[in-house]
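Reading the structure
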Amino acid sequence: MTYARTIAATVAMTIAFATLPQTPAPAAVSASPVLEVTASPIEPLEPLAEITPTNAIADVRIVADDERAVGIRTALDKFENAGWPLSNLEIRAEGEDGCGGNAGVRLMEQDLNVVEICTEAEWALLHELGHVWAALYLDEDERQEWVELRGLDSWSDADKWEDRGTEQLADIVAFGLFDEWHTPTSIASNDRNSLIDGFEWLFGMEPLNMQDDAEQA
């Protein structure tokens, strides 16, 4: 896969998040102090055609045009407002023919989390950012606890996508941060209580969409 990168002459704009109180982590999950994570130097590989802005938010770089960057910032805000900020991360908005044919993909480049997103659908972006969240905040023991909580056999080695603990986690993170009640149909268990319990175990709070009972109908 060819990864598009911005040239060294791109404009960097730093947008500071408002300082928010940290949500206490659930007993099962211990949050690592993400501010201690130092982003590796980002060396451009090749110019990104027709896209020049590079917006920096804390330790997150956004490589996207202005319109796509708005949606990316909104997704990042949801993690920040929940008390679980993301860092050491670059998000790249790609065309529909990118991401290996998927809606999005998360990968590592020289210890840097990279998310490529090839759709404007917020759910897909929240899903991929859920993988980044897990990489930042969950250790091996907590991943195994999650696998057992979900009644699975493996974090990432199951043959079927929907049977991997990492993919179920990403879907449940997206479920909990999405503005509307949306049931992920590709994973089991996906009944109301299982989804809520899973998100509360991870984030130590109710899903955002539970603030409006009407959205649960």
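The paragraphs below set out a description of the structure included in this document. Here the residue numbering is sequential within each chain, running from 1 through the sequence in written order. Only residues with pLDDT of at least 70 get local features here, since the model is predicted, and only at 80 or more are side-chain atom pairs given and counted; chain-wide, interface and lining totals rely on the full set of residues. Hydrogens and waters are ignored; side-chain quantities use all the structure's heavy atoms.

**What to know about helix H5 (residues 192-203)**
Basically, it comes down to this: Numbering goes from the N terminus for both helices and strands, where a helix is a DSSP run of H or I of at least four residues and a strand is a run of E of at least two. How far a helix is expected to stretch is found by multiplying one less than its residue total by 1.5 Å. When a residue's accessible area, from a 1.4 Å probe over protein chains only, is under 20% of the maximum for its type it is buried; when over 50% it is exposed; and in between it is partly exposed. Contact between two residues is taken to exist if any of their heavy atoms lie within 4.5 Å; hydrogens are not considered.
The end-to-end C-alpha distance of H5, which contains 12 residues, comes to 17 Å, matching closely the 16 Å that a straight helix rising 1.5 Å per residue would cover. Of all the positions in H5, only Leu-195, Ile-196, Gly-198, Phe-199, Trp-201, Leu-202 and Phe-203 are classed as buried. Contacts from the buried residues of H5 go to helix H1 (66-81), helix H2 (122-137), helix H3 (140-149) and helix H4 (165-177). Just downstream of H5, Gly-204 is the residue with a positive phi angle, here 70 degrees.

**Some words on the pattern of salt bridges**
Worth spelling out the cut-off: Take a side-chain nitrogen of Lys or Arg and a carboxyl oxygen of Asp or Glu: if they are within 4 Å of each other, that pair is a salt bridge.
Enumeration over the complete set of coordinates arrives at seven salt bridges. Residues Arg-61 and Glu-90 are paired through a salt bridge, measuring 3.7 Å at the closest nitrogen-oxygen approach. With Arg-61 in strand E3 (residues 60-63) and Glu-90 in strand E4 (residues 89-93), this residue pair connects regions lying 29 residues apart in the sequence. A relative accessible area of 23% means that Arg-61 is categorised as partly exposed. Within this structure, Arg-61, Glu-90, Arg-92, Glu-109 and Glu-116 form a network of salt bridges that share partners.

**Remarks on a negative patch on the surface**
Under the convention used in this document: Patches here are clusters of residues that have more than 30% relative accessible area and form no salt bridge, with a 9 Å joining cutoff for like charges and a 5 Å cutoff for nonpolar side chains (Val, Leu, Ile, Met, Phe, Trp, Tyr). Under the convention used here, a 1.4 Å probe and the Shrake-Rupley method define accessible areas, while residue burial counts only the protein chains that appear. The charged-residue count follows a simple rule in which Lys and Arg add positive charge and Asp and Glu add negative charge, with His and chain termini not counted at all. A single reference atom marks each charge: NZ on Lys, CZ on Arg, CG on Asp, CD on Glu.
Negative charge collects at one region of the surface, where Asp-65, Asp-66, Glu-67, Glu-96, Asp-97 and Glu-120 lie side by side. On the secondary structure map, Asp-65 appears in the loop between E3 and H1. Classification of Asp-65 by relative accessible area gives partly exposed; the value is 33%.

**Observations concerning the packing of H1 against H2**
Operational definition: In this analysis an axis means a line fitted to C-alpha atoms, helices contributing only their contacting stretch, and an angle means the value between N-to-C directions, from 0 to 180 degrees. Should an angle fall under 35 degrees it is taken as roughly parallel, and over 145 as roughly antiparallel, whereas 65 to 115 is taken as roughly perpendicular and any remaining angle as oblique. A crossing counts as left-handed when the near helix is turned anticlockwise from the far one by less than a right angle, and as right-handed when that turn is clockwise. Residue polarity follows a fixed list, in which Ala, Val, Leu, Ile, Met, Phe, Trp, Tyr, Cys and Pro are nonpolar, Asp, Glu, Lys and Arg are charged, and the others, Gly among them, are polar.
Direction vectors running N to C along H1 and H2 enclose 45 degrees, while the axes themselves pass 10 Å from each other. Considering their axes alone, H1 and H2 lie oblique with respect to each other. Pair H1 / H2 crosses with right-handed handedness. Across the interface between the two elements, Gly-71, Ile-72, Thr-74, Ala-75, Leu-76, Lys-78 and Phe-79 from H1 touch Glu-122, Leu-125, Leu-126, Leu-129, Gly-130 and Trp-133 from H2. Along the lines of polarity and charge, the residues of the contact of H1 with H2 split into eight nonpolar, three polar and two charged.

**Observations regarding H2**
Look at H2: 22 Å from first C-alpha to last across 16 residues, which is about the 22 Å you get at 1.5 Å a residue. Counting buried positions over the 16 residues of H2 gives 14, a clear majority of the element.

**What about the nonpolar core?**
The line we're drawing: Here, nonpolar core means buried Ala, Val, Leu, Ile, Met, Phe, Trp, Tyr and Cys residues that are tied together by side-chain atoms lying within 4.5 Å of each other.
Judged by nonpolar contacts, the single largest core of 47 residues is most densely connected at Leu-129, Trp-133, Leu-202 and Phe-203. Sorting the residues of this core by element identifies E3, H1, E4, strand E6 (112-117), H2, H3, H4 and H5 as the ones contributing at least two each. In terms of residue count, the dominant contributor to this core is H2 (10 residues).

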